[in-house]
Amino acid sequence: MNTPFDFPEGNGRLVYVRPVSVAELPEDVQSMARGLDHVYALHDADGERLALVRDRHLAFILARQNDLAPVNVH
């Protein structure tokens with residue numbers, strides 16, 4: 001869950017943060033979740049998953065550190 005990601009450049013600076021059930025993720029990713037029921041995903045405007053992180057707070061920090069504007073998706 002600590003794999004670096006090169007965020008794309010461009011005008012689309014908005015990213016969407018939403019909870020994801022660990023059970024919905026591939027098995028290799030589930031093993032990295034270490035007992036969590038859910039993680040938080042960052043998605044671009046096209047719906048592409050950019051990152052998975054442990055909690056919502058970390059998702060917002062990651063987005064802002066990459067000059068992206070995070071918003072919640074329920």
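Residues numbered from 1 in each chain as written. Predicted model: local features only at pLDDT ≥ 70, side-chain atom pairs only at ≥ 80, totals over all residues. Heavy atoms only, no water.

Caption draft 1: Summary view of the overall build of the protein chain. Broken down by element type, the protein chain carries 2 helices and 4 strands. Overall, the protein chain shows an N-to-C arrangement of helices and strands of β-α-β-β-α-β. Counting only residues that meet the buried cut, the protein chain has 31% of its 74 residues in that class. Sequence separation of at least 24 residues holds for 47% of the intrachain contacts in the protein chain that already meet a minimum separation of 6. For the protein chain, the accessible area works out to roughly 5100 Å², and carbon and sulfur atoms hold 49% of it. (Helix = DSSP H or I, 4+ residues; strand = E, 2+ residues; numbered from the N terminus. Buried < 20%, exposed > 50% of the residue type's maximum accessible area, 1.4 Å probe, protein only. Contact = heavy atoms within 4.5 Å. Areas by Shrake-Rupley, 256 points an atom, 1.4 Å probe, with all protein chains shown as cover.)

Caption draft 2: Representation of unusual backbone geometry in the model. One non-glycine residue, Arg 34, lies in the positive phi region at around 40°. Relative to the assigned elements, Arg 34 resides in the loop between α1 (27-32) and β2 (38-43). The backbone of Asp 67 sits at a positive phi, close to 55°, despite the residue not being glycine. Take Asp 67: it is sitting in the loop between α2 (56-65) and β4 (69-72). For Asp 67, a relative accessible area of 60% puts it in the exposed group.

Caption draft 3: Fine view of the sheet that holds strand β1 (residues 14-21). Across the sheet, which stays open at both edges, the 4 strands sit in the order β3-β2-β1-β4 with mixed pairing between neighbours. Each having just a single partner strand, β3 (49-53) and β4 make up the two edges of the open sheet. The sheet shows a mean angle of 30° between the axes of neighbouring strands, taken without regard to direction. The pairing of β1 with β4 spans 4 bridges and is parallel. What sits directly across from Leu 14, in β4, is Ala 69. Lying on the sheet, α2 is in contact with β1, β2, β3 and β4; it crosses β4 at an angle near 150°. (Pairing = 2+ DSSP bridges. Axes fitted to C-alpha atoms, helices over the stretch in contact; angles between N-to-C directions.)

Caption draft 4: Region of interest: the side chain of His 43. Take His 43: it is sitting in strand β2. Within the structure, His 43 has its side chain in polar contact with the backbone oxygen of Gly 47 (distance 3.1 Å). His 43 has contacts with Leu 14, Val 15, Tyr 16, Arg 18, Glu 48, Arg 49 and Leu 50, leaving out every residue within four places of it along the chain. (Polar contact = N/O pair within 3.5 Å; in protein donor to acceptor, adjacent residues only side chain to side chain.)

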